[in-house]
Amino acid sequence: MKSVPVWIWYTAIRVILFAVPLAVLLIAGVTPWIAALVAAVFGFSASLLFLRRPRESMSSELYAARHREKPVVREDDEAEDAAIAAAAEPAAEKPVKPAAE
């Protein structure tokens, strides 16, 4: 079974850390904009305190993806490059006709 990428877990936990306090505050009858503000502050603070490892792991994965030695080549990339090259060849092979005087 393939493991879920870190960024999906991190994002899901961040959404939960915002949504749960927001729902509780709205059910308690707090004004919606105040509830959203308090939930955002809570979610941000909790993620800074409790999600250090997933955040660092995600950061290192993003850094590694941006600074690869050799870019990832996919099968369809090679097919697209061949199609573009084939389309460009006939235009290059046509002889240029001189303008009629």
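Residues numbered from 1 in each chain as written. Predicted model: local features only at pLDDT ≥ 70, side-chain atom pairs only at ≥ 80, totals over all residues. Heavy atoms only, no water.

Draft legend 1. Here's a closer look at a negative patch on the surface. A cluster of acidic residues, Glu75, Asp76, Glu78, Glu80 and Asp81, forms a negative patch at the surface. A relative accessible area of 43% places Asp76 in the partly exposed class. (Patch = residues over 30% accessible without salt bridge, like charges linked within 9 Å, V, L, I, M, F, W, Y side chains within 5 Å. Areas by Shrake-Rupley, 256 points an atom, 1.4 Å probe, with all protein chains shown as cover. Salt bridge = Lys/Arg side-chain N within 4 Å of Asp/Glu carboxyl O. Lys, Arg positive; Asp, Glu negative; His and termini not counted. Charge placed at Lys NZ, Arg CZ, Asp CG, Glu CD. Buried < 20%, exposed > 50% of the residue type's maximum accessible area, 1.4 Å probe, protein only.)

Draft legend 2. Examining the environment of Leu51 more closely. By secondary structure assignment, the location of Leu51 is in the loop between α2 (32-50) and α3 (52-66). Look at Leu51 and you get buried, because its relative accessible area is 7%. Residues Leu51 and Arg14, spaced 37 residues apart in sequence, show a C-alpha to C-alpha distance of 8.8 Å. Apart from the residues lying within four places of it in its own chain, the contact partners of Leu51 are Tyr10, Ile13, Arg14, Leu17 and Ala46. (Helix = DSSP H or I, 4+ residues; strand = E, 2+ residues; numbered from the N terminus. Contact = heavy atoms within 4.5 Å.)

Draft legend 3. Summary view of the nonpolar core. Core analysis: the largest hydrophobic core is formed by 6 residues, namely Val6, Tyr10, Leu17, Ala46, Leu51 and Met58. The greatest single-element share of this core, amounting to 3 residues, is contributed by helix α1 (residues 6-27). (Core = buried A, V, L, I, M, F, W, Y, C linked by side-chain atoms within 4.5 Å.)

Draft legend 4. Highlighting α2. In a regular helix each residue adds 1.5 Å, so 19 residues correspond to 27 Å; α2 covers 26 Å between its end C-alpha atoms and thus fits that length. Along α2, the residues classified as buried are Ala35, Ala39, Gly43, Ala46 and Ser47. Down the axis of α2, the buried side of the element spans an arc of 95°, and every buried residue falls inside it. Exposed side chains of α2 directed beyond 90 degrees from the buried face belong to Trp33, Leu37 and Leu49. Here the buried face of α2 lies against α1 and α3. (Expected span 1.5 Å × (residues − 1). Arc of directions from axis to C-beta.)

Draft legend 5. Looking closely at the packing of α1 against α2. Across the interface, α1 lies against α2 with an axial gap of 8 Å and an inter-helix angle of 145°. Relative to α2, α1 is oriented so that their crossing is right-handed. Packed against α1, whose contacting residues are Arg14, Leu17, Phe18, Pro21, Leu22, Leu25 and Leu26, the element α2 presents Pro32, Ala35, Ala36, Val38, Ala39, Ala40, Phe42, Gly43, Phe44, Ala46 and Ser47 at the interface. Residues that form the contact of α1 with α2 fall into these classes: 15 nonpolar, 2 polar and 1 charged. (Axes fitted to C-alpha atoms, helices over the stretch in contact; angles between N-to-C directions. Left-handed = near helix turned anticlockwise from the far one by under 90°. Nonpolar A, V, L, I, M, F, W, Y, C, P; charged D, E, K, R; others polar.)

Draft legend 6. View of the side chain of Ser47. By the element assignment, Ser47 lies in helix α2. Other than its neighbours up to four places away in sequence, Ser47 contacts Arg14, Leu17, Arg52 and Arg55.

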